[in-house]
Amino acid sequence: MGMGGLPKSALEVRDGMTFLDLSVRQIEHLNEKYKVNVPFILMNSFNTDDDTQRIIQKYANHNIQILTFNQSRHPRINKDSLLPVARSAVSDKAQWYPPGHGDIFDALSDSGLLDKLIQAGKEYIFVSNVDNLGADVDLKILGHLVESGTEFLMELTDKTKADVKGGTIIDYNGHVRLLEIAQVPKEHVEDFKSVRKFKYFNTNSVYISLPAIKRIMEDEDGFELDIIVNNKSMDDGTPVVQLETAVGAAIKHFNNAHGVNVPRSRFLPVKSCSDLLLVTSDLYSLEHGKLVMNPNRMFNQTPVVKLGDTFKKIGNFQKRFGSIPNILELDHLTVSGDVWFGKNITLRGTVIIVANEGNRIDLPDGSILENKLVSGNVSIIDH
C-alpha cells in the first residue's frame, strides 16, 4: 500500500484513528467493562520497532498495559547461489526479513515475555492481524476453550470467490493441519480454490494456551512448522528467497485443537486500498473500536471493490478522492485508469469507471452513479 516505511498499524483508517488506536479502544473497553487488566501485546519486526515504540508513547495515560516484543530476523537467500545475501549481523536491513507470524512462538519465548505472562497468571493469548478490523476477543469462544480443554482454536469463516487463496484446515492422517495455497501442487490449485470443496478459510485469528506453548517449547523440542517459500526481488532486482512460517501451522502441535466457523463480520482485513475504501465508507460504524455493518445496508455481504493501479499507493488513493463516496447501496465497483472523485458522490448497484490511456475522468461533486458504465470520453450510459 506504499506506507513509506511506517508501520501499517499507524495508518488512519476511521474517524482519524489508526489501527493501533482502534485496538487500544477495544481493549480499554474490555478492561473497563469487566474490571480486568488484559494487556495489549505487539509483535514488531526490526523494520517497525523504533517507530512503534515512539507511537505507543501517546497511550501512556490510557487504561491499558502495552507490551512489545520483536520477531526474529532472517537473512534473505540469493535465489541463484542459495547463499545468504547478508554476510554479517550488521549488514543492511534490506538484506534481512521477518520470517512470518509463525515466528511468534520462538519470539515470545526468546524475549522472556512468555514466562512473564504465565507468571502474571495469564492462561490464553488471542492473536490476530492488526489490520483485521473485525477481530476482537470473543468471550463465548474463550469460554468454549476453557470448558473443552482446547489448547489452540482457529477462527474460520465462509469462503467466497474473493477468498480463494486463503488457507484452510484439513484432516491429514487423523491430525488437524493447516493447508496454504503455496503448499498445493500446481495441478491441484483449482481444487484448492473451489468454494465447494473447501468451504471455509483461515482468518488468522487464533486463541492459544500459554502453558501449552511453554510445554511444547521445553518438553517437545519446539515447533516444527511447514515452510512457505516466498520468492521476492530486492530493490536492485536481485531475486531472493524468504523462508516463512504461519502461526496457523502450529495447530498440529496442540491438544484438542480445532477450528470454529465465525461470521464474516469478524474478518475485515485491510490489505489494499480497495479494502480501505470499504472500511472508511458509510458501510460501517464504530462500536468500542470495532467496525460494525451499517444496519441500513440491505445485504449482509460487502460490495466487491476493485481499484486499479493508479489507486494502489495510499498517497494516490487519498489524493484521488475528494471524500469517500456513499456506497451503502453499492454491489460492485471497478475503477481503472486516471480517475478522480469529487466530494459527496453516491455509487449504487454496479458501477464501472474506465479511463483509457491518455484520458482522464473527473467525477463532479454530488454525482450519483447507479448501474452505470463511465468510459474514457466521460459519457455515461446505462449498464
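All of the points below concern the structure found in this document. (Residues numbered from 1 in each chain as written. Predicted model: local features only at pLDDT ≥ 70, side-chain atom pairs only at ≥ 80, totals over all residues. Heavy atoms only, no water.)

### Quick word on a nonpolar patch on the surface
Test applied: What goes into a patch is any residue over 30% in relative accessible area without a salt bridge, connected to like charges within 9 Å or, for nonpolar side chains (Val, Leu, Ile, Met, Phe, Trp, Tyr), within 5 Å. The accessible surface values rely on the Shrake-Rupley method and a 1.4 Å probe; as for residues, cover is taken only from the protein chains in view. Each salt bridge in this description consists of a side-chain nitrogen of Lys or Arg and a carboxyl oxygen of Asp or Glu lying within 4 Å of one another. Secondary structure elements follow DSSP: runs of H or I of four or more residues count as helices, runs of E of two or more count as strands, with numbering from the N terminus. Burial here depends on accessible area, computed with a 1.4 Å probe over protein chains only, as a share of the maximum for the residue type. Under 20% is buried, over 50% is exposed, and the range in between is partly exposed.
A cluster of nonpolar residues, Y34, V36, V137 and L139, forms a patch on the protein surface that exposes about 310 Å² of accessible area. Along the chain, Y34 turns up in helix α1 (residues 19-34). A relative accessible area of 41% places Y34 in the partly exposed class.

### Overview of the packing of aromatic side chains
Going by this rule: The pairing test for Phe, Tyr and Trp rings, Trp by its six-membered ring, is centres within 6.5 Å, and the orientation test on the planes gives stacked under 30 degrees, edge-to-face over 60, and tilted for anything in between.
Applying the stated criterion across every chain, the model contains eleven aromatic pairs. Aromatic pair F223 and F254: ring centres 5.7 Å apart, planes at 40 degrees, arrangement tilted. Remark: F254 occurs in the loop between β14 (239-244) and β15 (258-261) and F223 occurs in the loop between α7 (210-219) and β13 (228-233); sequence separation between them is 31 residues. Classification of F254 by relative accessible area gives buried; the value is 6%.

### Some words on the sheet that holds β13
We apply this condition: Strand pairing is assigned whenever DSSP identifies at least 2 bridges connecting the two strands.
Strand order in the open sheet formed by three strands is β6-β14-β13, with antiparallel pairing between adjacent strands. With one partner strand each, in any of the chains shown, β6 (77-78) and β13 form the two edges of the open sheet. For β6 and β14, the ladder comprises two bridges, and the chain directions are antiparallel. What sits directly across from I77, in β14, is V241.

### Describing empty space enclosed by the protein
Inclusion rule: Residues are called lining when one of their atoms sits within 4 Å of a cavity or pocket point, these points coming from a 1 Å grid over the protein atoms alone, where a cavity is a set in which a 1.4 Å probe fits but cannot get out and a pocket is an open set with protein on both sides within 12 Å along at least five of seven lines. Grid points are joined across faces, edges and corners, and a volume is the space filled by probe spheres set on the points. Each residue receives one of three labels: charged for Asp, Glu, Lys and Arg, nonpolar for Ala, Val, Leu, Ile, Met, Phe, Trp, Tyr, Cys and Pro, and polar for the others, Gly being one of them.
Tallied over the full model, the rule gives one cavity of 30 Å³ or more. Here the largest cavity is characterised by a volume of approximately 40 Å³. Taken together, L178, E180, Q183, D226, I228, A246 and A249 make up the lining of the largest cavity. Broken down by class, the residue content of the lining of the largest cavity amounts to four nonpolar, one polar and two charged.

### Quick word on the layout of surface pockets
In this structure, the second largest pocket encloses a volume near 200 Å³. Around the second largest pocket, the lining is made up of 13 residues, and of these G102, D103, D106, L225 and T245 lie nearest the centre. Contributing elements (two or more residues each) for the lining of the second largest pocket: α3 (104-111) and β14. Of the residues that constitute the lining of the second largest pocket, the class distribution is six nonpolar, three polar and four charged.

### Re the side chain of D131
Where we set the bar: By definition in these notes, contact holds between two residues if any of their heavy atoms fall within 4.5 Å.
With respect to the helices and strands, D131 occurs in the loop between β8 (124-127) and α5 (139-148). Apart from the residues within four sequence positions on either side, D131 is in contact with K8, F19, L268, P269, V270 and K271.

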